[in-house]
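Residue-level listing of the chains:
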Amino acid sequence: MSTSTPSKSRVNAFLDSDIFYNFRKSRVTVVATIVTLAMLLSAALAPWIAPHNPFDVATLSLLNSELPPSWAEGGDPRFFLGTDGQGRDMFSAILYGSRISLSVGLVSVALAMVIGVVVGLLSGYFGGLVDAVFMRVADVMLSFPTILVALLISGIARGALPREMHDSAALIVLVFAITITTWVQYARTVRGSTLVELNQEYVLAARLVGRRPMAIIFLHILPNVLGPVLVISTINLAMAVLIEATLSFLGVGMPPTNPSLGTLIRVGNEYLFSGIWWVVIFPSLTLVVLVLAVNLLGDWLRDTLNPKLR
Amino acid sequence: MFAFVIRRIIQSVLVMLAVAMIAFAMFRFVGDPVNSMLPENASTQERGELRAQLGLDAPVTVQFTRFVTGAAQGKFGISYRNKRPVSDLIAERLPATLELVFSAAIFALAVGVPMGVYTALHRRGFISNLLQIISLIGISVPTFVTGILLILVFSVWLNWLPSFGRGEVEQLGWWSTGFLTVSGLKSLILPAIMLGLFQVTLIMRLVRAEMLEVLRSDYVRFARARGLVNRAVNYGHALRNTLMPVITIVGLQLGSMIAFAIITETVFQWPGMGLLFIQAVSFADIPVMSAYLVLVSLFFVAINMIVDLLYFVVDPRLSVNNKASG
C-alpha cells in the first residue's frame, strides 16, 4: 500500500465489501471495535497520556493517598479516578496496567499462534507418529480447564527459577504459561483445516509440478487456513488477558511494583473493607470492558468469516 | 460392551500414569527441595541426611515406582512449606472444597434450568432478551471480579453475609461440615453464588438451545396434536428430554468447578484445597502441587469415564459405531 492509487482502490473495494457492510450494520460490533482500538491506543501511549508516572516514587506523596474520584465529595481534580493507598493516581496506574495486560496478551497470542499453526500444519500434512503424539497431548490439555494448566505451568516455572528472580521474570513466566496453555486450539483447528485442504486439487497440482512439502505447506496451504486462525486469535486475546489477570490476582503473576490490571485488582481488594471502593472497582471495570469488547469483536468475526466454526 | 469398558479403563489408567509422570518430573527436576527446606547455612551432612530421609538419594526409576505406589495409597510426601504430610493437609481441606462445589452446582442448576426454560418458551419476550444480555456479560466478567462485587455489596455495604472463611464447622469423623451451623451456611452463600454463576450462564444457554430443538421435534408436535395442555407438553415432554444432556454437562463441569474453586477460595479465604494449592504455587511447594494435580486429574478422569460409560449404556447407536470402527 505504498502508492496511493492502488491502495485507494483497495480501500474502496473494502468499503464496498460484504464484510464491511456486515460490520456497519452491527452497531454493537462498531462500538466494540472503537472501544478495543481506544484501549489498545491508550495502552500503547500510556507514558505520554498518563498525567502521572505511577512508578516514579519521587512524585508520590502520602498526603494524596486514598483520595476519591474527582467528581465525588473530597475528590481532587488532579486525580480523575482517585488515588490508592500510596497516593498513586488510579487513572495512570490503570493506563500502565492495561499496557502490561495487553502486552502479555498480545505477545502470548502471537507466540501461541505461530507454534500452534506450525504444529497443526505439520501434523495435518504428514500425519503419522508426530500427529498422534501432538494430538494426544492436545486432548489431555484440552480436557483440563485452561486456568489450571496455566497455574501449574507458572508454578513449575517459578519452582525452576530462584526466588529472587520471581518478580523480575514474572512477565516472561506469564507469557510462557499462557502460550503453552493456548497453542493447542490453533493446532487442533489448523490440523483439521489442513486435512480438508489436502484433498483440494491445487495441492495435488502443486505436488505434481514437484514442489517440496515445505513449500506446499507454507505457501499453498497456509494462506487457506488462516481464516479461523484470525477468529481464534481475537477470542484468545480476550482469554489471554483474562488468564493473565486471574494469575496476577491470585498472586502468581505480575508483582505490585509493576502491576497489571489483575495485580491492581488484587491490591485494591485489600482495601475493600476500608470503604475506598474506587481502587478495586475501576481496574475491574477496565478489565471487564476490555474483555467484553474483544469478545464481541471475536464473536462477530466468527459469524462473518466462518459461520460453520463451532 | 465388555471390550469397550476394558478399553476405556485402560485409557484412563494411561492418562493417570502420564499425569503421575508429570507430577513426578516436577518433584524430581524442578528446584532442589533440600535447598528450600533447610536454612542456607546448613552443613553438607545435614543436607545429606535430609536427602536420605526424603528418599532423594535413590535412582530415578526407584523413586518413580515409590512415587506411584505412594500416590496410589494417598501418600505424597511432606509439604516443603508446612513440614506436614501432604495427605493430612489435603484430607483437612477436601471437605471444604467439595461442599463448596456441591452447593455451587445445586445453585447453578436451580437458577440456570428455569432461566433456560423461560428464555426458550418466551423467545421474543423482554425478560428473555434481558436474560440473554446478562448471560453475555456474565461470561465476560472474570469470576474474581464477580466475587469482589458480591463482597462489596453484601458484606461491606449491606453487611448481611460474611466475606471470608467457613464460619463454624461441625466435625463428623474426619469430615468437617459447614452445613449444620447457621454461620457455616451463611458463609457458604456468597462463595457458592460466585462459583456457580458462570455455570448458570452455561446451563441457561444449553437448556435454551436443547429446549428449542426438542420443541421443534415431531414428538412434541404430536403431543400437542393429542390435545395435551401446554404445561404437560413443555414440562412433561420437552423439558424431560432436555435434561439428559444438561446433567451430563453439569457432571463434566464438576471437574472444572473444582479447578475454578481455586479462585473462589482465594477471594473468600475459603480453607479448601484450592487455597492450599495457590499457596503451594507461590511457594513452589512441589509435593502439594503434584498431589493436587494427581487428585484433580483423578476427579477429571473418573468423571469423564463415568459419563462415557453412561452414554454407552443410554445411547445404543454408540455400540453400532464402535463395532464398525473396530
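Cut-off values and rules
Residues numbered from 1 in each chain as written. Chains lettered and ligands numbered in written order. Predicted model: local features only at pLDDT ≥ 70, side-chain atom pairs only at ≥ 80, totals over all residues. Helix = DSSP H or I, 4+ residues; strand = E, 2+ residues; numbered from the N terminus. Buried ≥ 20, exposed ≤ 12 C-beta atoms within 10 Å, placed from the backbone. Contact = placed C-beta atoms within 7 Å. Expected span 1.5 Å × (residues − 1). Nonpolar A, V, L, I, M, F, W, Y, C, P; charged D, E, K, R; others polar. Axes fitted to C-alpha atoms, helices over the stretch in contact; angles between N-to-C directions. Parallel < 35°, antiparallel > 145°, perpendicular 65-115°, else oblique. Left-handed = near helix turned anticlockwise from the far one by under 90°. pLDDT = per-residue confidence, 0-100. Core = buried A, V, L, I, M, F, W, Y, C linked by C-beta atoms within 7 Å.

Undergrad: Could you give an account of the overall build of chain A, naming the residues involved and the relevant values?
TA: Of the regular secondary structure elements, chain A holds 13 helices and 0 strands. Helices and strands in chain A line up, N terminus first, as α-α-α-α-α-α-α-α-α-α-α-α-α. Going through the 310 residues of chain A one by one, you find that 45% of them count as buried. In chain A, of all internal contacts separated by at least 6 residues, the share reaching a separation of at least 24 is 67%.

Undergrad: Got a sec to walk through the overall build of chain B? Specific residues and values, please.
TA: For chain B, the helix and strand inventory stands at 13 helices and 2 strands. Burial statistics for chain B: of 326 residues in total, 37% are counted as buried. If you take every contact in chain B between residues at least 6 apart in sequence, the share linking residues at least 24 apart comes to 71%.

Undergrad: Lay out unusual backbone geometry with the relevant residues and their values.
TA: Positive phi values are uncommon outside glycine, yet Gln269 of chain B reaches one of about 45°. Taking the C-beta count within 10 Å as the criterion, Gln269 of chain B has 12 such neighbours and is therefore assigned exposed.

Undergrad: Tell me what's going on with helix α7 (residues 146-160) of chain A, and back it up with residues and numbers.
TA: Here α7 of chain A is 15 residues long and its end C-alpha atoms lie 21 Å apart, about the 21 Å a rise of 1.5 Å per residue gives. Burial within α7 of chain A is extensive, with 13 of its 15 residues counted as buried.

Undergrad: Account for the environment of Leu310 of chain B, naming residues and giving values.
TA: Tracing the backbone through its elements, the reader meets Leu310 of chain B in helix α12 (residues 286-314). As a C-alpha pair, Leu310 of chain B and Thr143 of chain B span 167 residues in sequence and 31 Å in three-dimensional space.

Undergrad: Describe the interface of chain B and chain A, and please don't skip the residues or the numbers.
TA: Facing 30 residues of chain B, the contacting portion of chain A comprises 32 residues. Contributing elements (two or more residues each) for the side of chain B that touches chain A: α1 (2-29), α6 (126-140), α7 (143-157), α10 (230-267), α11 (273-283) and α12 of chain B. Residue composition of the side of chain B that touches chain A, by class: 24 nonpolar, 6 polar and no charged.

Undergrad: Lay out the packing of α7 of chain B against α10 of chain B with the relevant residues and their values.
TA: All names here are of chain B. It is at 10 Å that the axes of α7 and α10 come closest, and there the two elements cross at 30°. By the angle between their directions, the pair α7 and α10 is classed as roughly parallel. For the pair α7 and α10, the crossing hand works out as right-handed. Counted together, Thr143, Phe144, Gly147 and Ile148 of α7 and Phe260, Ile263, Thr264 and Val267 of α10 form the full contact between these two elements. Along the lines of polarity and charge, the residues of the contact of α7 with α10 split into 5 nonpolar, 3 polar and no charged.

Undergrad: Break down helix α9 (residues 201-208) of chain A for me, with residues and values.
TA: It helps to recall that an α-helix has 3.6 residues per turn; residues three or four apart then point in one direction. Little of α9 of chain A is tucked away: 0 of the 8 residues are buried. Gly210 of chain A sits one or two residues past α9 of chain A and shows a positive phi near 85°.

Undergrad: Explain the packing of helix α3 (residues 27-44) of chain A against helix α13 (residues 278-305) of chain A to me, and be specific about the residues and the numbers.
TA: All names here are of chain A. Taken N-terminus to C-terminus, the directions of α3 and α13 make an angle of 130°; their axes are 8 Å apart at the nearest point. The pairing of α3 with α13 is recorded here as oblique in orientation. Handedness of the α3/α13 crossing: left-handed. Residues Val28, Thr29, Ala32, Thr33, Val35, Thr36 and Met39 of α3 touch α13, and the partners they reach there are Val289, Leu290, Ala293, Val294, Leu296, Leu297 and Trp300. A class-by-class count of the residues in the contact of α3 with α13 yields 11 nonpolar, 3 polar and no charged.

Undergrad: Would you mind going over the confidence of the model for chain A in detail, with residue names and values included?
TA: Low-confidence regions, as indicated by low pLDDT, have predicted coordinates that should not be scrutinised in detail. On average, residues of chain A score 80 in pLDDT, and 85% of them are at 70 or above. Mean pLDDT across the elements of chain A bottoms out in helix α1 (residues 4-16) of chain A (65) and peaks in helix α5 (residues 90-126) of chain A (89).

Undergrad: Describe the nonpolar core, with residues and values.
TA: Of all hydrophobic cores here, the largest spans 158 residues; its most connected members are Ile203 and Phe277 of chain B. With 17 residues, the top contributor of residues to this core is α5 of chain A. Leave out the neighbours within four places in its chain, and Ile203 of chain B touches Ala108, Leu109, Gly112, Val113, Gly116, Val246 and Val250 of chain B.

Undergrad: Any details on the environment of Val149 of chain A? Residues and values, ideally.
TA: All names here are of chain A. Topologically, Val149 is positioned in helix α7. Taking the C-alpha atoms as reference, Val149 lies 8.6 Å from Ile180; in sequence the two are 31 residues apart. Ignoring anything within four residues of it in the chain, the contact list for Val149 reads Met141, Phe144 and Thr181.

Undergrad: Give me the lowdown on the confidence of the model for chain B, citing residues and values where you can.
TA: All names here are of chain B. Mean pLDDT over chain B works out to 78, with 90% of the residues at or above the 70 mark. Here helix α13 (residues 317-324) stands out as the element of chain B with the lowest mean pLDDT, 53, in contrast to helix α5 (residues 86-121), whose mean of 86 is the highest. We note a pTM of 0.80 for the whole complex and an ipTM of 0.75 for its interfaces.

Undergrad: Which residues make up the environment of Arg205 of chain B, and what values go with them?
TA: The topology assignment puts Arg205 of chain B in helix α8 (residues 182-215). Considering only alpha carbons, one finds Arg205 of chain B and Met115 of chain B, 90 residues apart in sequence, at a separation of 8.8 Å.

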